[in-house]
Amino acid sequence: MSRTTPDTAEPDDPEADQPPPGDDHAFFGHPRGLATLSGLEVWERFSFLGMQAILVLYFADTVANGGLGMDPATAASVSAAYGTMVYLVSVAGGWLADRILGSYRAVLFGGILIACGHYAMAVPTAVMTWVGLGLISAGTGLLKPNVASMVGKLYRTDDQRRDAGFALYYMGINIGAFAGPLITGWLGEHEGWHWGFSAAAIGMTAGLIQYVLGRRHLAGRKHSAEFALAPAAMRTAVWRIVGGLVVFALLATLLASVGWLTMARFVDVLTLVSVIAPIVYFAVMFRSPRVTPEERGRLRPYVVLFLASVAFNFILFQAYSTMMLLASTNARTEILGFHFPASWYASALGAFEVLLAPVVAGLWSRMGPRQPHASNKIAFGVILGGLSFLLMVIPTSGHTGDTYRMAAWWIVGSYLLLGLGDVLLETSGMSATTKLAPKAYASQTMALWFLSLALANGIQAQVVKVYGHVSNPVYFGVNGAVAVAVGLIVIAMAPWLRRTMHPVH
């Protein structure tokens, strides 16, 4: 059956791409498909963030202890570069879903690659570590933009449950973010890093199983792409993709073998690409003949939201890099006499988001049309992210050496602010993206939101190089102040954003 004829690809399921009936309230007042997609994200985040909570510690640990023996600043930079690569690939993932695979298969194939990547990282060799990170990057690029787009397809544009639905979806994400570091962190620090990576592999496998079982409840579940290429164009695209990957692999191998492509240069190249890619992508969408003048007008305020996302996620992603390094060297790992691995601090962030997401979802549902505009929600999130770093200036100040140990509550308090900011920004940002997206670029516009995460990681990969070379109060104070300033600028632009972001409220 042809993949290029969406209207005939699945004649027995004509409503495969339509939102569920408005009276579908089976999952906490939301469509039951939200349970399937949230369940997938529970396990995807369990594996991804469970692994990422120990990744920088694995990089920085000594070779004798099973690590890679990197300098802490280098470990943080490489970890951020990995995050950059993950989200850069999301652009290709969105395009493949729109033009070749369809959303359902893009998410399925992405999950399979992620699981294979984690299984590769479970093998205790450096080579398999890099192979695994490559597979996870490719898989996450397929999965992340498309599963979020599938959540948007569960609701009509004027459905006031939409923001609350994304908040519940994000709560599912953070259940995984909470549980992942608990399991992988304990295994990694007590049994060995690769045991932690094995737990991540099992988690992703569980997510794939429940996703396939819940397929019938999803909008966007048909096999064909919504804007599929013509057969000849599709064959050409597939051959070009395969050829490009082969050329890239051969070129990278050649440059590495002659000593030009070092780890430091690779990080710098990824940062450069993370800056160029969103500029090019915005230019393409603004000039595309498939984008109507009305849709083009809605893209302008989206640029502001994009930059706000960059500012916030620059702070957020350091919860798994510089904050992990700070926790492992300068924070107590006990609360009320209970000792825990330093990587468990990452679970505090997930725990706060699990607790706060339903509160925020309930608040927005209760307020209905009286809730703050999406741009203000995003601005508040950015400000809270900045405050989470400014808080760290207090316990890191006034020490003559680097042997001090701060109370655990300082990092927990920082993660509380960061968690609330994340719930406010990410749910509103993803929801606004699905509303503002030009129809012909639906999955790809969600990929553009994830490009903001790539740019945040790309900037982080450079900035964290000074971690440990400047004082901690200066490092956290300057970064936090910049984020707060960005949030205040977005608030100042609120009147223009409200006028230009229709139908987003």
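Residues numbered from 1 in each chain as written. Predicted model: local features only at pLDDT ≥ 70, side-chain atom pairs only at ≥ 80, totals over all residues. Heavy atoms only, no water.

Undergrad: Would you mind going over the overall build of the protein chain in detail, with residue names and values included?
TA: Within the protein chain, the secondary structure is distributed over 17 helices and two strands. Counting every position in the protein chain, which comprises 505 residues, the buried fraction comes to 57%. Within the protein chain, contacts between residues at least 6 apart in sequence are counted, and of these 83% link residues at least 24 apart. With an accessible surface of roughly 19900 Å², the protein chain has 69% of that area assigned to carbon and sulfur atoms. (Helix = DSSP H or I, 4+ residues; strand = E, 2+ residues; numbered from the N terminus. Buried < 20%, exposed > 50% of the residue type's maximum accessible area, 1.4 Å probe, protein only. Contact = heavy atoms within 4.5 Å. Areas by Shrake-Rupley, 256 points an atom, 1.4 Å probe, with all protein chains shown as cover.)

Undergrad: An account of the environment of Leu-391 is needed here, citing residue identities and associated values.
TA: By the element assignment, Leu-391 lies in helix α12 (residues 374-391). Along the primary structure Leu-391 and Pro-473 are separated by 82 residues, whereas in three dimensions their C-alpha atoms are 9.6 Å apart.

Undergrad: Explain the packing of helix α9 (residues 293-316) against helix α16 (residues 472-492) to me, and be specific about the residues and the numbers.
TA: Close contact between α9 and α16 brings their axes to 10 Å; oriented N to C, the two are set at 155 degrees. The angle between α9 and α16 falls in the class roughly antiparallel. As α9 packs across α16, the resulting crossing turns out to be left-handed. On α16, the residues that touch Val-304, Ala-308, Ala-311, Phe-314 and Ile-315 of α9 are Asn-479, Gly-480, Ala-483, Val-486 and Val-490. Residue classes in the contact of α9 with α16 are distributed as eight nonpolar, two polar and no charged. (Axes fitted to C-alpha atoms, helices over the stretch in contact; angles between N-to-C directions. Parallel < 35°, antiparallel > 145°, perpendicular 65-115°, else oblique. Left-handed = near helix turned anticlockwise from the far one by under 90°. Nonpolar A, V, L, I, M, F, W, Y, C, P; charged D, E, K, R; others polar.)

Undergrad: Go over the packing of helix α2 (residues 72-101) against helix α7 (residues 231-257) with me, naming the residues and quoting the values.
TA: Look at α2 against α7: their axes get within 11 Å of each other, and the N-to-C directions meet at 145 degrees. Here α2 contributes Trp-95, Leu-96, Arg-99 and Ile-100 to the contact with α7, which in turn contributes Met-234, Ala-237, Val-238 and Ile-241. Partitioning the contact of α2 with α7 into residue classes produces seven nonpolar, no polar and one charged.

Undergrad: Break down the nonpolar core for me, with residues and values.
TA: The nonpolar side chains of a soluble globular protein tend to be buried with one another. Core analysis: the largest hydrophobic core is formed by 128 residues, its most contacted members being Met-51, Tyr-211, Tyr-345, Ile-411 and Tyr-415. The element best represented in this core is helix α1 (residues 33-60), accounting for 13 residues. The residues contacting Ile-411, other than those within four sequence positions of it, are Met-323, Ala-327, Ala-331, Tyr-345, Met-392 and Met-406. (Core = buried A, V, L, I, M, F, W, Y, C linked by side-chain atoms within 4.5 Å.)

Undergrad: Describe in detail the pattern of salt bridges, supporting the description with residues and values.
TA: Pairs can form between side chains of opposite charge once their charged atoms are near each other. Applying the stated criterion across every chain, the model contains four salt bridges. The residue Glu-44 makes a salt bridge to Arg-45 at a minimum N-O spacing of 2.7 Å. For Glu-44, a relative accessible area of 0% corresponds to the buried category. For the salt bridge of Glu-294 with Arg-298, the shortest nitrogen-to-oxygen distance reads 3.2 Å. Of this pair, Glu-294 and Arg-298 both sit in helix α9, four residues apart, roughly one helical turn. Overall, the relative accessible area of 55% leaves Glu-294 in the exposed class. Judged by its relative accessible area of 11%, Arg-298 is buried. (Salt bridge = Lys/Arg side-chain N within 4 Å of Asp/Glu carboxyl O.)

Undergrad: Describe the side chain of Asn-146, listing the residues and the values that go with them.
TA: For Asn-146, the location among the structural elements is in helix α4 (residues 126-152). Separated by 2.6 Å, the side chain of Asn-146 and the backbone oxygen of Leu-142 make a polar contact. (Polar contact = N/O pair within 3.5 Å; in protein donor to acceptor, adjacent residues only side chain to side chain.)

Undergrad: An account of the side chain of Thr-184 is requested, with residue identities and associated values reported.
TA: Following the sequence through the fold, Thr-184 ends up in helix α5 (residues 162-190). The exposure class of Thr-184 is buried, given its relative accessible area of 0%.

Undergrad: Just give me the short version of the environment of Gly-480, but keep the residues and values in it.
TA: Mapped onto the elements of the fold, Gly-480 is located in helix α16. In this structure, the C-alpha to C-alpha distance between Gly-480 and Ser-388, residues 92 residues apart in sequence, is 7.2 Å. Beyond its immediate sequence surroundings of up to four residues, Gly-480 is in contact with Ile-315, Gly-386, Phe-389 and Leu-390.

Undergrad: Please provide a residue-by-residue account of the packing of aromatic side chains, values included.
TA: Counted according to the given criterion, the structure contains 15 aromatic pairs. With a centroid separation of 5.9 Å and an interplanar angle of 35 degrees, the aromatic rings of Tyr-58 and Phe-59 are classed as tilted. Comparing Tyr-58 with Phe-59 shows no difference in burial state: the two are buried. Consider the rings of Tyr-467 and Tyr-475, whose centres lie 5.5 Å apart with planes at 75 degrees: the pair is edge-to-face. Looking at Tyr-467, the relative accessible area reads 9%, which means it is buried. Since its relative accessible area comes to 3%, Tyr-475 is described here as buried. (Phe/Tyr/Trp six-rings, centres within 6.5 Å; stacked < 30°, edge-to-face > 60°.)

Undergrad: Give me a nonpolar patch on the surface: which residues, what numbers.
TA: On the surface, Leu-251, Leu-254, Val-258, Trp-260, Val-269 and Val-273 cluster together to form a nonpolar patch covering roughly 540 Å² of accessible area. Elements supplying a minimum of two residues to the nonpolar patch: α7 and α8 (263-287). Counting through the fold element by element, Trp-260 comes out in the loop between α7 and α8. (Patch = residues over 30% accessible without salt bridge, like charges linked within 9 Å, V, L, I, M, F, W, Y side chains within 5 Å.)

Undergrad: Got a sec to walk through α12? Specific residues and values, please.
TA: Every α-helical turn comprises 3.6 residues, leaving residues that sit three or four positions apart pointing alike. Taking 1.5 Å as the rise per residue, α12 with 18 residues should run 26 Å; its terminal C-alpha atoms sit 26 Å apart, in good agreement. Across the 18 residues that make up α12, a large majority, 14, are buried. (Expected span 1.5 Å × (residues − 1).)

Undergrad: Let's hear about the confidence of the model for the protein chain: which residues, and what values?
TA: Confidence in the prediction of the protein chain, expressed as mean pLDDT, is 82, and 89% of residues score 70 or more. When mean pLDDT is taken per element in the protein chain, α16 scores highest with 94 and strand β1 (residues 334-335) scores lowest with 79. Note on residues 1-11: pLDDT under 50 across the span, and 23 contacts to partners over four residues away in sequence or across chains. (pLDDT = per-residue confidence, 0-100.)

Undergrad: With reference to specific residues and values, describe the environment of Asn-313.
TA: Mapped onto the secondary structure, Asn-313 falls in helix α9. Judged by its relative accessible area of 1%, Asn-313 falls in the buried class. C-alpha separation for the pair Asn-313 and Leu-455, spaced 142 residues apart in sequence, amounts to 9.0 Å. Not counting chain neighbours up to four residues away, the residues in contact with Asn-313 comprise Leu-425, Glu-426, Leu-453 and Ala-456.

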